[in-house]
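Listed below are the residues making up each chain.
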Amino acid sequence: MTFDKLKDIIVDQLGVDEDAVTTSANIQDDLGADSLDVVDLITTIEDEFDLTIPDEAVEEIKTVGDIVNYIEKNTEAEEA
């Protein structure tokens, strides 16, 4: 569910083909996001999933899978 929601956000914001968005896709190299796209994407993800992603974590996020893992790990922690 997290991946599907994230996939929709990425397709909408980056204008990439749905098939290009996989958990192993690198956000910048494979999906063509520049640094401004990444900032916009992170902001949308924070709003959509009701969480805050600190700059240190953003620097560690390279792939779509990294974002999914971060969201799932941090939304579970908030619900607990």
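Everything quoted here is computed from the prediction, not taken from an experiment. (Residues numbered from 1 in each chain as written. Predicted model: local features only at pLDDT ≥ 70, side-chain atom pairs only at ≥ 80, totals over all residues. Heavy atoms only, no water.)

A few points about the packing of helix α1 (residues 2-14) against helix α2 (residues 35-49)
In plain terms, the rule: Every axis corresponds to a line fitted to the C-alpha atoms, with the helix fit spanning only the stretch in contact, and the corresponding angles, defined between N-to-C directions, vary from 0 to 180 degrees. Helix numbers and strand numbers start at the N terminus; a helix is a DSSP run of H or I with at least 4 residues, a strand a run of E with at least 2. Roughly parallel means an angle under 35 degrees; roughly antiparallel means over 145; roughly perpendicular covers 65 to 115; every other angle is labelled oblique. Note on convention: the crossing is left-handed when the near helix lies turned anticlockwise from the far helix by less than a right angle, right-handed when the turn is clockwise. Between two residues, a contact is recorded if the distance between any of their heavy atoms is within 4.5 Å. Under the grouping applied here, Gly and all other residues not named as nonpolar or charged are polar, the nonpolar ones being Ala, Val, Leu, Ile, Met, Phe, Trp, Tyr, Cys and Pro and the charged ones Asp, Glu, Lys and Arg.
Axis separation between α1 and α2 bottoms out at 11 Å; the angle between their running directions is 140 degrees. For the element pair α1 / α2, the angle class is oblique. Crossing angle aside, the handedness with which α1 passes α2 is right-handed. Packed against α1, whose contacting residues are Thr2, Lys5, Leu6, Ile9, Ile10, Gln13 and Leu14, the element α2 presents Asp37, Asp40, Leu41, Thr44, Ile45, Glu48 and Phe49 at the interface. Considering only residue class, the contact of α1 with α2 consists of seven nonpolar, three polar and four charged.

Looking at the side chain of Asn26
Inclusion rule: Three exposure classes are used, based on accessible area relative to the maximum for each residue type with a 1.4 Å probe and protein chains only: buried under 20%, partly exposed in between, and exposed over 50%. Within 3.5 Å is the distance limit for a polar contact, defined as a pair of N or O atoms, with the added protein rule that one can donate a hydrogen and the other accept it, and that residues adjacent in sequence qualify only through two side-chain atoms.
Following the sequence through the fold, Asn26 ends up in the loop between α1 and α2. A residue is classified by how much of its surface remains accessible, and Asn26, at 18% relative accessible area, is buried. In this structure the side chain of Asn26 is engaged in a polar contact, spanning 2.9 Å, whose partner is the backbone nitrogen of Gln28. Residue contacts for Asn26: discarding those within four places in its chain leaves Leu31, Lys62 and Thr63.

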